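# Structure at a glance
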Amino acid sequence: MTSTWTEPANTPVALLLLGQGTDPASERGVDCPGELPAPSDPDLVARAEAAKAALGGRVFVLGHHYQRDEVIRFADVTGDSFKLAQQAAARPEAEFIVFCGVHFMAESADILTKPEQRVILPDLAAGCSMADMAVLGQVETAWEHFQDLGIAGDIVPVTYMNSSADIKGFVGRNEGVVCTSSNAKRALTWSFEQGSKVFFLPDQHLGRNTAVLEMGFDLDDCVLYDPHKPQGGLTDEQLRNARMILWRGHCSVHGRFTIDSVREVRERVPGVNVLVHPECRHDVVRAADHVGSTEYIIKALDAAEPGSAWAVGTELNLVRRLALAHPDKRIMFLDRTVCYCSTMNRIDLPHLVWALEELVAGRVPNVITVDEKTAHEARVALDQMLALP
Ligand code: SF4
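Bear in mind that the values here come from a model prediction, so they are computed numbers and not experimental data.

One open sheet holds the 4 strands; their spatial order is β11-β10-β12-β13, and the pairing between them is parallel. With one partner strand each, in any of the chains shown, β11 (290-291) and β13 (330-333) form the two edges of the open sheet. The pairing of strand β10 (residues 273-276) with β11 spans 2 bridges and is parallel. Along β11, the bridge assignment pairs Leu275 with His290. Contacting β10, β11, β12 (309-313) and β13, helix α13 (residues 294-303) crosses the sheet at an angle of about 155° to β10.

This is how it looks when you write it as structure tokens:
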């Protein structure tokens, strides 16, 4: 049977999601509440070093792979969002966890760390456009619709790590599971043993790519639930027939790579290996030679033959650092027009210096706290992920 599926257009999203306090309950941030040092201050590096030294073992700085160089140099550990949350949990002696990442990552760290530890996000405007695309009220409206249709009992909700604590809590109280880009196949396999359908949040691309390319589903088994349309823009029959109900969300960085990027690099660099993240669009992933999580990409390039050429479809800071770390390999960015993760890049050296110096002065800025009930429910979904066979 020929598939009727076509790649959906990206959900419209502003490049810079800076809420400026208009929606404080969402991932969108607010202005810095303090006096930031000037970015031109020549002493910023020395100030960060001094503040970190003064705090000693009281502070533990986490740096996500997509962070700027000026920030990552002060990280005690680097990693993807889940590894960083685990690292925070493994440091119960650290009073302060300074999370150089985005808001949902700091929430996960707060859920996994001890109650007396405080998680600090140096800039509250460091949100995530993907996490912002799934708001709890919208997700509950969808679930109520599934209940009215009589299909909710067949559905297992699965959320990607890149979602707010509210969404993880929703998934936990409805007996679902959190997944990462490394274990999405295992999470879906487990979910389809519990029910006949999956409601996948918030990244349509990770859900579709895993179901179709790793689990053998047909594209027509997947439907796209658009929270901005009545009943998700789907008929009752479509929802009853679907195996995968994908939330209409995407990453505004990975979603910008196109099939033309792949064609162009193959013409320009004969023999190039195209390596992309599963948050990329389905046609891009299909056209690539290799697909995998951030940690997979790092390992693949570590193991690559000297002299080999690689076009990498993930965030630019990471690709640039990998190219510098492997001068014997030709590592390039998949598309020359795709930019950094703008929200991740909100954390710059002035914000880090400000946060560290506030701690030295005895003030605790920008604390990220998840309420007890949400944290408990989210933890159920995270623990289910850790228990995946
Ligand atoms: S790279 Fe994409 S998923 Fe990651 S924080 Fe930025 S917008 Fe969110």
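For Glu175, which is not glycine, the phi dihedral falls at a positive 60°. Among the secondary structure elements, Glu175 is positioned in the loop between α7 (165-173) and β6 (177-179). You will see that Gln231, though not glycine, has its phi angle at about 50°, which is positive. The residue Gln231 is located in the loop between β8 (222-225) and α10 (236-241) in this model.

So, about the nonpolar core. Inside soluble globular proteins, nonpolar side chains tend to come together where they are buried. Of all hydrophobic cores here, the largest spans 131 residues; its most connected members are Val98, Phe146, Phe199, Phe200, Met244 and Ile245. Considering each element in turn, this core owes the most residues, 7 residues, to helix α15 (residues 349-360).

Here we take up the domain arrangement of the protein chain. By the assigned domains, the protein chain splits into domain 1 (42-128 + 344-370), domain 2 (131-250) and domain 3 (254-340). Taken over C-alpha atoms, the centre of domain 2 sits 28 Å from the centre of domain 3. Buried surface at the junction of domain 2 and domain 3, summed over both partners, amounts to about 900 Å²; 59% is from carbon and sulfur atoms. The largest contributions to the domain 2 side of the interface with domain 3 come from His205, Asn209 and Leu213, which together make up 46% of the buried area. At the junction of domain 2 and domain 3, the tally comes to 0 salt bridges. Tallying contributions element by element places helix α9 (residues 204-214) first for the side of domain 2 that touches domain 3, with 6 residues. Across the side of domain 2 that touches domain 3, the residue classes tally to 5 nonpolar, 6 polar and 2 charged.

What counts and what doesn't
Residues numbered from 1 in each chain as written. Predicted model: local features only at pLDDT ≥ 70, side-chain atom pairs only at ≥ 80, totals over all residues. Heavy atoms only, no water. Pairing = 2+ DSSP bridges. Helix = DSSP H or I, 4+ residues; strand = E, 2+ residues; numbered from the N terminus. Contact = heavy atoms within 4.5 Å. Axes fitted to C-alpha atoms, helices over the stretch in contact; angles between N-to-C directions. Core = buried A, V, L, I, M, F, W, Y, C linked by side-chain atoms within 4.5 Å. Buried < 20%, exposed > 50% of the residue type's maximum accessible area, 1.4 Å probe, protein only. Domains from an automatic or database assignment. Buried area = accessible area lost by both parts, 1.4 Å probe. Salt bridge = Lys/Arg side-chain N within 4 Å of Asp/Glu carboxyl O. Nonpolar A, V, L, I, M, F, W, Y, C, P; charged D, E, K, R; others polar.

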